[in-house]
Amino acid sequence: MHDTTALLIELGAIILALGLLGRLAGKFGFSPIPLYLLAGLAFGHGGILPLQASEEFVATGAEIGVILLLLLLGLEYSASELVTNLKTQYPSGAVDFVLNATPGAMTALLLGWGPVAAVALAGVTWISSSGVIAKVLGDLRRLGNRETPVVLSVLVLEDLSMALYLPVLTALLAGVSLAGGAVTLLIALGTVGAVLYVALRHGRLVSRAVSSDNAEMLLLVVFGLALLVSGVAQHLQVSAAVGAFLVGIALSGEVAEGAGSLLTPLRDLFAAVFFVFFGLHTDPADIPPVLAPALALAAVTTLTKVATGYWAARRAGISVKGRWRTGGTLVARGEFSIVIAGLAVGVEPGIGPLATAYVLILLVLGPLAARWTEPLARRLTTRSRTGNSADTTVSAELGEVVRANG
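Undergrad: How should I be thinking about the overall build of the protein chain in this particular structure?
TA: If you tally the helices and strands in the protein chain, you get 16 helices and zero strands. Across the 406 residues in the protein chain, those meeting the buried criterion constitute 47%. By sequence separation, contacts in the protein chain at least 24 residues apart represent 82% of the contacts at least 6 residues apart. Surface exposure of the protein chain reaches about 19,200 Å², of which carbon and sulfur atoms provide 66%.

Undergrad: How should helix H2 (residues 33-43) be read in this particular structure?
TA: Count 3.6 residues to each turn of an α-helix, and residues three or four apart come out pointing the same way. Of all 11 residues that make up H2, nine are buried, and the element is covered over most of its length. Where H2 is concerned, the buried positions are Ile33, Pro34, Leu35, Tyr36, Leu37, Ala39, Gly40, Leu41 and Ala42.

Undergrad: It is not clear to me how the pattern of salt bridges should be interpreted in this structure. Could you clarify?
TA: A side chain of one charge can pair with a side chain of the opposite charge when the charged atoms of the two come close. A full pass over the atoms with the stated rule returns six salt bridges. Note that aspartate 96 is salt-bridged to lysine 305, the shortest N-O span being 2.8 Å. Pair noted here: aspartate 96 is in helix H4 (residues 79-110) and lysine 305 is in helix H13 (residues 291-315), with a separation of 209 residues, a long-range link. On the basis of relative accessibility, which here comes to 1%, the residue aspartate 96 falls in the buried class. Here arginine 325 makes a salt bridge to glutamate 147, at a shortest N to O gap of 2.8 Å. Within this pair, whereas arginine 325 is found in helix H14 (residues 320-329), its partner glutamate 147 is found in the loop between helix H6 (130-139) and helix H7 (148-174), the two being separated by 178 residues in sequence.

Undergrad: So what exactly am I meant to see when it comes to a nonpolar patch on the surface here?
TA: Together, Val119, Val168 and Leu172 line one region of the surface with nonpolar side chains, adding up to about 200 Å² of accessible area. Looking at where valine 168 falls in the secondary structure, it is placed in helix H7. Assessed through its relative accessible area of 40%, valine 168 is described here as partly exposed.

Undergrad: Help me understand helix H5 (residues 115-126) in this model?
TA: In this model, H5 (12 residues) spans 16 Å end to end at C-alpha, consistent with the 16 Å of a helix rising 1.5 Å per residue. Among the 12 residues that make up H5, nine are buried, leaving the element largely enclosed by the rest of the structure. Taken residue by residue, H5 has Ala117, Ala118, Ala120, Leu121, Ala122, Gly123, Val124, Thr125 and Trp126 as its buried positions.

Undergrad: Looking at this structure, I do not really get the packing of aromatic side chains. What am I missing?
TA: Aromatic rings in a pair are described by how distant their centres are and how their planes are angled relative to each other. Tallying each qualifying case throughout the model produces three aromatic pairs. Arranged with centres 4.9 Å apart and planes meeting at 75°, the rings of phenylalanine 97 and tryptophan 126 form a pair that is edge-to-face. In this pair, phenylalanine 97 sits in helix H4 while tryptophan 126 sits in helix H5, placing the two residues 29 residues apart along the sequence. Given a relative accessible area of 41%, phenylalanine 97 falls into the partly exposed group. Relative accessible area serves as the criterion here: at 7%, tryptophan 126 is assigned to the buried category. Here a set of aromatic residues connected by ring pairs shows up, and it is made of Phe97, Trp126 and Tyr165.

The rules we used
- Residues numbered from 1 in each chain as written.
- Predicted model: local features only at pLDDT ≥ 70, side-chain atom pairs only at ≥ 80, totals over all residues.
- Heavy atoms only, no water.
- Helix = DSSP H or I, 4+ residues; strand = E, 2+ residues; numbered from the N terminus.
- Buried < 20%, exposed > 50% of the residue type's maximum accessible area, 1.4 Å probe, protein only.
- Contact = heavy atoms within 4.5 Å.
- Areas by Shrake-Rupley, 256 points an atom, 1.4 Å probe, with all protein chains shown as cover.
- Salt bridge = Lys/Arg side-chain N within 4 Å of Asp/Glu carboxyl O.
- Patch = residues over 30% accessible without salt bridge, like charges linked within 9 Å, V, L, I, M, F, W, Y side chains within 5 Å.
- Expected span 1.5 Å × (residues − 1).
- Phe/Tyr/Trp six-rings, centres within 6.5 Å; stacked < 30°, edge-to-face > 60°.

This is a description of form; function is not addressed.
Laid out in structure tokens, this is it:
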């Protein structure tokens, strides 16, 4: 069969299957992300019917999916809101790092993988998935919730931290000298600073430059700008997701609204491809040997992420319900964890399967945690209060009996 024909057939089958899975998820009222992942596992390496012709396209589509998810997330907020939230939430970033990087580092050391692998696995367990969380917030219609800026602040702090972490990790893995690592780090910091400066100081000029009454022109300019900035950022050792998010922050007013409505269908398509991509590149046979440590690590870091979100939301004066929603929303890990594991495989081969199993577990659990953490906490709290009230009533009645017989 001709390569182009095979590509069209495979892509058509993938997109049709995603549409049917999305409808199934909507019928039962839950996020389609876990179904997308399972579909990827079924048709990836070692799956039921491996796909070959569309593999490269799906990989590129996954990158575009992350860029679009973060671009539209950035369009929801202004530069001033971003700076205010970052100033108030930086202690939450420190707590996030300590609580969630420590389990990964300790696991690597306990497995005897050495300090460099410990730094890598710490990053795998530390960073939440901005792409997954952006999708979940949209699916659950929480973009306007009071706790959502807190979630975004933690995510942005993590993504900006990647501008420091990834160059350092790369230098450690390559055995680069201290001077070489410092140069890479300075380039990354300079890139983030430059883009952030343009977003803050010249956002109106950028919005005016890309503004257009023609929907087609607006779509092409905004989408092209996001891809360009993301590509340059990634080339300079900065996350493409950070670049896309800052482009969204730089656009405001009618331009942001118009671009958001035009790009939403495109985002939904490529976001679905992004989630399938994880499954396609995972051999199901690699998961069982590392399932036990991956499950244990996932359980621990689920609790630490919930604790991080609860603490951050409490600092921001969010209600108890919003605190639990914040914690549950931050559970998912994803794109950065896979990137970090891919970099570290050369140092410790075992980190690849473990990280993949860990990420898949939390990619499935993440949307569920975002939806059910707050209702579950409320039910447990209510049950606890009921039990305490019953104990108090019984104690009072016993006291009255004692006094009557005394």
